[in-house]
Amino acid sequence: MLSGVGIVCFAASYAVALALEISRILFRSGIRGAVMLGFAAAGFFAHTVFLVHRAAEATGSPLSSKQEWYLVTAWLLAGVYLYLAYFHPKNAFGVFVLPLVLALIGVGALAADAQPFAREPASKVWGAIHGGSILLATVSMLVGFAAGVMYLGQAYRLKQKLPPMRGLQLPSLEWLQRVNSRAILISLLLMGVGILAGAVLNLINYERQLTQLPWSDPLVVSTMGLFGWLVLSTAIGVVYKPTRQGRKVAYLTVVSFVFLVIALGVGMSVVTQHSGTSSDRGRGREGEGEARRMCRNCLPVSPSPDLPFYRSPGGAA
Amino acid sequence: MKLQVIGCSHHNAPIAVRERLAFSGEQASAALVQLREQFADVEAVLLSTCNRVELYLAVEGGCGPGRDEIAGFLARFHGLDVAEVDGLLYQRLDREAVRHLFTVASSLDSMVVGEPQILAQVKQAYQQATRLESTGPLLHSAFQAASKVARRVAGETAIHQRRVSVPSVAVADFARQIFERFDDKHTLVIGAGEMAEETLQYLRAEGARDVTVVNRSPERARELADRWQGRTLPWDKLADALVEADLVISTTGSEEAVVTPENFAPVEARRYERPLFVLDLAVPRDFDPAVGGRPGVYLYSVDDLQAACQQNRRLRDKELPAAVKIIEHETGQFMAELHHRATAPVIRRLKQDWEKPKEDELRRLLNKLSDLDDHAKDEIRQSFDRLVNKLLHPPLESLRHESRQGIPSTLVEALAKLFQLKD
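Remember, predicted model here, so these are calculated numbers, not experimental data.

A. Broad picture of the overall build of chain B. Secondary structure summary: chain B contains 16 helices and 10 strands in total. Expressed as a percentage of contacts within chain B between residues at least 6 apart in sequence, the contacts between residues at least 24 apart total 72%.

B. Inspection of the packing of aromatic side chains at higher detail. Residue and element names in this part refer to chain B. Tallied over the entire structure, the rule returns 17 aromatic pairs over all chains. Ring geometry for Phe23 versus Phe77: centroids 5.2 Å apart, planes at 40°, classification tilted. Linking Phe23 in the loop between helix H1 (15-21) and helix H2 (25-38) with Phe77 in helix H3 (residues 67-78), this pair joins segments that are 54 residues apart in sequence. Centre to centre, the rings of Phe277 and Tyr300 are 5.7 Å apart; their planes meet at 40°, and the pair counts as tilted. On the criterion of sequence distance, the pair formed by Phe277 in strand S9 (residues 276-280) and Tyr300 in strand S10 (residues 297-301) is long-range, its members being 23 residues apart.

C. The arrangement of the sheet that holds strand S4 (residues 90-93) of chain B in detail. All names here are of chain B. Spatially, 4 strands are ordered S2-S3-S1-S4 in an open sheet, and the strand pairing comes out antiparallel. Each of the sheet's edge strands pairs with one partner strand only, and the pair in question is strand S2 (43-48) and S4. Each adjacent strand pair in this sheet contributes to an overall mean axis angle of 15°, direction not counted. Contacting S2 and strand S3 (52-59), H2 crosses the sheet at an angle of about 155° to S2. Running at roughly 40° to S2, helix H7 (residues 137-156) makes contact with strand S1 (2-9), S2 and S3 of the sheet.

D. The arrangement of the packing of helix H5 (residues 124-159) of chain A against helix H8 (residues 166-178) of chain B in detail. Packing of H5(A) against H8(B) leaves a shortest axis separation of 11 Å and a crossing angle of 140°. Of the possible angle classes, the one that applies to H5(A) and H8(B) is oblique. In the packing of H5(A) onto H8(B), the handedness of the crossing is left-handed. Here A:Gln154, A:Arg157 and A:Leu158 of H5(A) come into contact with H8(B), specifically with B:Asp173, B:Phe174, B:Gln177 and B:Ile178. Within the contact of H5(A) with H8(B), the residues separate by chemical class into 3 nonpolar, 2 polar and 2 charged.

E. Local environment of the interface of chain B and chain A. On the chain A side, the residues contacting the 33 residues of chain B number 23 residues. Overall, the association of chain B and chain A removes approximately 2,300 Å² of surface from exposure, summing both partners, and the carbon and sulfur fraction of that is 48%. For chain B, the biggest contributors to the area lost against chain A are B:Gln177, B:Tyr272 and B:Tyr298; these three give 28% of the whole. At the junction of chain B and chain A, the tally comes to 2 salt bridges. B:Lys185 serves as the salt-bridge partner of A:Glu174, at 2.8 Å between the closest nitrogen and oxygen. Remark: the boundary between chain B and chain A carries 14 residue pairs in polar contact (both at pLDDT 80 or more). For the side of chain B that touches chain A, the elements supplying multiple residues, two or more each, are H7, H8, S10 and helix H13 (302-342) of chain B. Element by element, the count of residues in the side of chain B that touches chain A is highest for H8(B), at 5 residues. Its residues placed into classes, the side of chain B that touches chain A shows 11 nonpolar, 9 polar and 13 charged.

F. Focus on helix H1 (residues 7-23) of chain A. Residue and element names in this part refer to chain A. In this model, H1 (17 residues) spans 24 Å end to end at C-alpha, consistent with the 24 Å of a helix rising 1.5 Å per residue. Along H1, the residues classified as buried are Ile7, Phe10, Ala11, Ser13, Tyr14, Ala17, Leu18, Leu20, Glu21 and Ser23. In the core, the buried residues of H1 are packed alongside helix H2 (32-57), helix H3 (66-87) and helix H4 (94-110).

G. The arrangement of the nonpolar core in detail. Of all hydrophobic cores here, the largest spans 93 residues; its most connected members are A:Ile105 and B:Phe277. When residues in this core are grouped by element, the largest group, 13 residues, is from H5(A). If sequence neighbours within four positions are ignored, A:Ile105 has contacts with A:Ile7, A:Phe10, A:Ala11, A:Tyr14, A:His47, A:Leu71 and A:Ala74. Ranked by size, the runner-up nonpolar core spans 62 residues in total, among them B:Leu35, B:Val85, B:Ala145 and B:Met335.

H. How the structure looks around unusual backbone geometry. Residue and element names in this part refer to chain B. Non-glycine residue Glu133 carries a positive phi angle of around 55°. Here Glu133 shows up in the loop between helix H6 (117-131) and H7. Of note, Tyr272 is a non-glycine position whose phi angle comes to about 55°, a positive value. Among the structural elements, Tyr272 can be located in the loop between helix H12 (261-271) and S9. Here Tyr272 falls in the partly exposed class, since its relative accessible area comes to 36%.

Reading the values: the criteria
Residues numbered from 1 in each chain as written. Chains lettered and ligands numbered in written order. Predicted model: local features only at pLDDT ≥ 70, side-chain atom pairs only at ≥ 80, totals over all residues. Heavy atoms only, no water. Helix = DSSP H or I, 4+ residues; strand = E, 2+ residues; numbered from the N terminus. Contact = heavy atoms within 4.5 Å. Phe/Tyr/Trp six-rings, centres within 6.5 Å; stacked < 30°, edge-to-face > 60°. Pairing = 2+ DSSP bridges. Axes fitted to C-alpha atoms, helices over the stretch in contact; angles between N-to-C directions. Parallel < 35°, antiparallel > 145°, perpendicular 65-115°, else oblique. Left-handed = near helix turned anticlockwise from the far one by under 90°. Nonpolar A, V, L, I, M, F, W, Y, C, P; charged D, E, K, R; others polar. Buried area = accessible area lost by both parts, 1.4 Å probe. Salt bridge = Lys/Arg side-chain N within 4 Å of Asp/Glu carboxyl O. Polar contact = N/O pair within 3.5 Å; in protein donor to acceptor, adjacent residues only side chain to side chain. Expected span 1.5 Å × (residues − 1). Buried < 20%, exposed > 50% of the residue type's maximum accessible area, 1.4 Å probe, protein only. Core = buried A, V, L, I, M, F, W, Y, C linked by side-chain atoms within 4.5 Å.

See the structure below:
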């Protein structure tokens, strides 16, 4: 019965939770918190069931398609929201986090490729580390971005000497700044681990005389740009103390988010060899598999339609 | 059954009188013991705060002490003339008493409506009376319901979130939105004005511990610092104190700004944009408004916060009808339960009287049908139970319905006559 759970089910639950969060601004209610949490938890449960079912049904590597990358990221972010909503019920986290969750689900469902990669990876461990680290770094950056936007809103209100807006209570600047700083640091570390694991994967491919991913690949360039920005912003924080404080940290997380969107946009729209290269031509299925499996789970990519092994959403090669 | 409250509050008695009638914790215990000795069957809770002295009394099945007797008791306890006390006491009975208790616990009757301390004080008074075994079923129900009502009002209206005094708004609506915790923050008081102390009270309640006082007069600085277990710094160390501070309360009597963009610039350079909350309570202002534009500085003057206070006052007034509605609803429900409780003996007797013929008939039937297996016997028993319950349902429902209007004495009498219920 649970196999019938669709994307619409959990997206609708999150949407209702978001509507209830927004309704805080309009009126007060004693039971709204519980109902809101109930919808979000129901959505999270359905989301979990959906992903488990997809993983179990996968013909290739589980949860390795672009679509699933977005859905897993949304699932983790929804988990973060549930935690915050449960332990800080007075704060309107949902207004900032749930739109990101819904956007990820929307992009995953409407624009991303649902085709999974082949089953056997070049290195299962390094592939998982590479993909998992970059996925978690993305979630961390999204949490940091939400906290950054909340910080800027809260700081603006406090500077303008406005009383708290009914129903849109935000955490203190101190709390938001702490989350911001940690989000940047965690995403830097995870992104670093992810890129390192990607390099190791490339090395394994080189040793096995399989296809390597060129450093000039648009997705690699945009990911390295994002990583470079994270390194730079952290380095600035070490050298220039004021950037460790207040609004500057919030701005850093917002810019990091812009870099992230660029990297995701490149993965979605630009032809990249991240999931296969033109030199795979003639290598047959083996070359296809190696190239695809190398980077499963990392930033989602758009494979070249002219590649001989390109599979359309319908499954045709 | 009678519930009543007798007392005085800031509404009808000046502070001079309230002070004379007030009870310390020990006095309240002694008074409850004496009251119990004097009126053996009376349940009592004594609520004594800065703004009110109230005795909540209840008697099940009697009248309890009257207003004059309680006035005499209070006067004797405090060594006052009865005439001094008598005219200042109000009395509320039954439904009015319950509504009054709910209103007080919800902080709608407080001097500063929405102040959160009163519920804790009500709970404390109830716990003290319970400890001294001066409460009974009626006051247990009433005070537990009062806590529930107060929680509802706090949860379903924004009355408690709307602060209306400048220091409370400064701390609750602004300082607390900047800092997550206060126990690791440095509070700097510039000047030794009285206004600073009220703010310090709120900050201390939030956990602030470290207080530094900088004042032109070291003696006055020392006095204030001693009261708040703080330290003092000489006036020429103001810049250093500002570098260290997280929260600043400024109340000097200076004719000119004490902190200007010029003398704040070196401080700013040493603070690295660390957030600084400044509450400028001085008139004229101690902080040049331009300082508030610097990164990380959140500067609030009295005028800034007055606007927020007024807005809060308006918003709080808007919430009042919703709070009153909750109290009315809960009072109605409580009274209905209370009245229904008075019908309990009749209901009990009715059930007992019907139980006996049911059991007799059941026994007779089962004796005749001795071949039946256990399952069939159980079915018959359950069927008899259902029949009795169905027959009892209409009269019991009528009793519950009538209880909403008051104790249904006529109906109770009618039931007793109809079914020949005996005591």
